[in-house]
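Chain by chain, the residues:
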Amino acid sequence: MGNKKSKNWHWSQDVHALFKKLGIEQVAYVPDGGLAKLINRCQADASIRSVVLTTEEEGVAQMAGAWLGGQKGVLLTQSGGVGNCINMLSMMQECRIPLLALVSMRGEWGECFPWQVPMGQSTIPALEAAKVIVHHVDQAEKVPETVHAAARLAFDSYRAVAVVISQRISGSGSRG
Amino acid sequence: MASRRKITLDRRKVVEKILKDRGDILLVTGLGAPTWDAAAVGDHPNNFYLWGGMGGAVLTGLGLALAQPKRRVLVITGDGEMLMGVGGLATVAVQKPSNLAICIMDNQRYGETGMQETHTEHGVDLAAMAAGAGFQKYSTVYNNRELAEAIPVLYSEQGPVFVDVKVTDAPQPMTLPPRDGPMLKHRFRENLLGHV
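Residues numbered from 1 in each chain as written. Chains lettered and ligands numbered in written order. Predicted model: local features only at pLDDT ≥ 70, side-chain atom pairs only at ≥ 80, totals over all residues. Heavy atoms only, no water.

### Comments concerning the pairing of strand β1 (residues 24-29) of chain A
Across a regular strand the side chains alternate sides, sitting on one face of the sheet and then on the other.
Residues and elements named next belong to chain A.
Item 1. Judged by how many residues are buried, β1 sits mostly within the fold: five of six residues are covered.
Item 2. Both β1 and strand β3 (residues 72-78) contribute to a ladder of five bridges, which runs parallel. In the sheet register, Q26 faces β3, and the bridge partner there is G73.
Item 3. With four bridges joining them, β1 and strand β2 (residues 49-52) adopt parallel strand pairing. From the neighbouring strand, A28 faces β2, where its bridge partner is V51.
Item 4. Read as a crossover between parallel neighbours, the route from β1 over helix α2 (residues 36-43) to β2 is right-handed. (Buried < 20%, exposed > 50% of the residue type's maximum accessible area, 1.4 Å probe, protein only. Helix = DSSP H or I, 4+ residues; strand = E, 2+ residues; numbered from the N terminus. Pairing = 2+ DSSP bridges. Right-handed = clockwise from strand over helix to strand, strands pointing away.)

Here it is, written out as structure tokens:
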């Protein structure tokens, strides 16, 4: 993964394949444009339970329950949703329950919508303050390998890890 | 608005009746008094107590129920904790986990912070909110007759089911279960999965 991509290649196809390889069985999300293709692939996959949330902190708690029950899951969230998760993340830290989160950025590279900027600029500091390990990635070809590394750190070393996917990759928010 | 009926049930006795014949259910308790209630009945490796993460009990139950579709999962939490994560009722209703039961010890108070009134004291009806989310089985329990009808629902009706039990705000002795997070997690997983 990660080189000689065809013109129609999108990182979500490799990440979805990686989810299968890793045995991911639950995916929780609040919809987001930057993650839409990955969410669609997961929804179309009968071996992954896709759960739409009303707020992202629900997904943190769901991932704790999934791990207690012997399954691995992934939380998919826009950067704005990170702010909704902070208190619930204490459960993962205190119990050392693995968390793998994919965070698509807004309020960052080339943002044209000013109301996205405050939370976008707070996203990484907030994750780090909540003791979530952050892997930032700003090239599409590097997303799959970054998710793979984050998954190992999460599930094999029992840590909360977020892959923060730059707005440079999604191009979201480029028009006001 | 909920009807104004007299509240007489004692939460410790209610939880004792619910857990008396618990079989192999997996129990998640919300922070505060529901955790002490479950501990007062007896600590158990199939109990996972939330000591924090307010608002997360129902969704912890959902993740567990989806992961263990052959096991009954019971969430016992308080009205304040449920209100903080009330959107989770919509999330659960959409997923329709047939093995998930939610039971609220509704004393209409924030018990851990000085017994301040919650929204349910002012008529907010949690069972009606579950019904509005799409739960097919929901009820509010005020007395032992209604409790006797509700307990089999929690254990064997097709889920998700929601039971709001109105309990008095009488103070109870604090009974503390283990609170070390990794220990609780390892114990639960080892008993359920055979490995940590």
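Read on for the rest.
### Regarding the sheet that holds strand β6 (residues 160-165) of chain A
Each strand in a sheet pairs with another by means of backbone hydrogen bonds, the pair being arranged parallel or else antiparallel.
All names here are of chain A.
Item 1. Pairing is parallel across the open sheet formed by six strands, whose spatial order is β2-β1-β3-β4-β6-β5. One side of each edge strand has no neighbouring strand; the edge strands of this open sheet are β2 and β5 (133-137). The mean angle between the axes of side-by-side strands here comes to 20 degrees, regardless of whether they run parallel or antiparallel.
Item 2. Lying on the sheet, α2 is in contact with β1, β2, β3 and β4 (99-104); it crosses β1 at an angle near 135 degrees. (Axes fitted to C-alpha atoms, helices over the stretch in contact; angles between N-to-C directions. Contact = heavy atoms within 4.5 Å.)

### Some remarks on the packing of helix α1 (residues 11-22) of chain A against α2 of chain A
Residue and element names in this part refer to chain A.
Item 1. Contact geometry of α1 with α2 gives a least axis separation of 9 Å together with a crossing angle of 40 degrees. Between α1 and α2, the angle is such that the two are oblique. Regarding α1 and α2, the two cross each other, and that crossing is right-handed. Taking contact as the criterion, the partners of W11, S12, Q13, V15, H16 and F19 in α1 are, on α2, K37, L38, R41 and C42.
Item 2. Classifying every residue of the contact of α1 with α2 gives five nonpolar, three polar and two charged. (Parallel < 35°, antiparallel > 145°, perpendicular 65-115°, else oblique. Left-handed = near helix turned anticlockwise from the far one by under 90°. Nonpolar A, V, L, I, M, F, W, Y, C, P; charged D, E, K, R; others polar.)

### Digging into helix α6 (residues 117-129) of chain A
An α-helical turn contains 3.6 residues, so any two residues separated by three or four positions project in the same direction.
All names here are of chain A.
Item 1. For α6, which comprises 13 residues, the first-to-last C-alpha distance of 19 Å matches the rise-based estimate of 18 Å (1.5 Å per residue) to within 8%.
Item 2. Of all the bends in α6, the largest measures some 45 degrees and sits at T123, one to four residues before the proline P125.
Item 3. Listed in full, the buried residues belonging to α6 are G120, T123, A126 and L127.
Item 4. The elements touched by buried residues of α6 are α4 (79-85), β4, β5 and β6. (Expected span 1.5 Å × (residues − 1). Bend = angle between axes of the 7 residues up to and from the residue.)

### Digging into the sheet that holds strand β7 (residues 137-141) of chain B
Residue and element names in this part refer to chain B.
Item 1. Reading across the sheet, the six strands line up as β2-β1-β3-β4-β8-β7 and stay open at both edges, with parallel pairing between neighbours. Looking at the sheet topology across the chains shown, the edges are occupied by β2 (47-49) and β7. Adjacent strand axes in the sheet meet at a mean angle of 15 degrees, parallel and antiparallel pairs treated alike.
Item 2. The sheet contact formed by strand β1 (residues 26-29) and strand β3 (residues 73-78) spans four bridges and is parallel. Its bridge partner being in β3, T29 is matched across the sheet by I76.

### Comments concerning the pairing of strand β8 (residues 161-166) of chain B
All names here are of chain B.
Item 1. Within β8, six of the six residues are buried, leaving the element largely enclosed by the surrounding structure.
Item 2. Bridging between strand β4 (residues 100-106) and β8 involves six bridges; their strand directions are parallel. Pairing of D106 across the sheet is with K166, part of β8.
Item 3. Summarising the sheet, β7 and β8 pair through five bridges and their orientation is parallel. Across the sheet, residue T140 finds its bridge partner in β8, namely D164.

### Examining unusual backbone geometry
Residues and elements named next belong to chain B.
Item 1. With an omega of 0 degrees, the peptide bond between G159 and P160 qualifies as cis.
Item 2. Within the secondary structure, P160 is located in the loop between α7 (144-156) and β8.
Item 3. Phi at K96 takes a positive value of approximately 50 degrees, unusual for a residue other than glycine.
Item 4. Turning to its location among the elements, K96 is positioned in the loop between α5 (87-95) and β4.
Item 5. Taking relative accessible area as the criterion, K96 reaches 60% and is therefore assigned exposed.
Item 6. Although it is not a glycine, M115 adopts a positive phi angle of roughly 60 degrees.
Item 7. According to the relative accessible area criterion, M115 is partly exposed, its value standing at 30%.

### Considering the environment of I124 of chain A
Residues and elements named next belong to chain A.
Item 1. Turning to its location among the elements, I124 is positioned in helix α6.
Item 2. On the basis of relative accessible area, I124 is assigned to the partly exposed category, the value being 25%.
Item 3. Placed 29 residues apart in sequence, I124 and L153 show a C-alpha to C-alpha distance of 18 Å.
Item 4. Residues contacting I124, with those up to four places away along its chain left out, are V134, H136 and V164.

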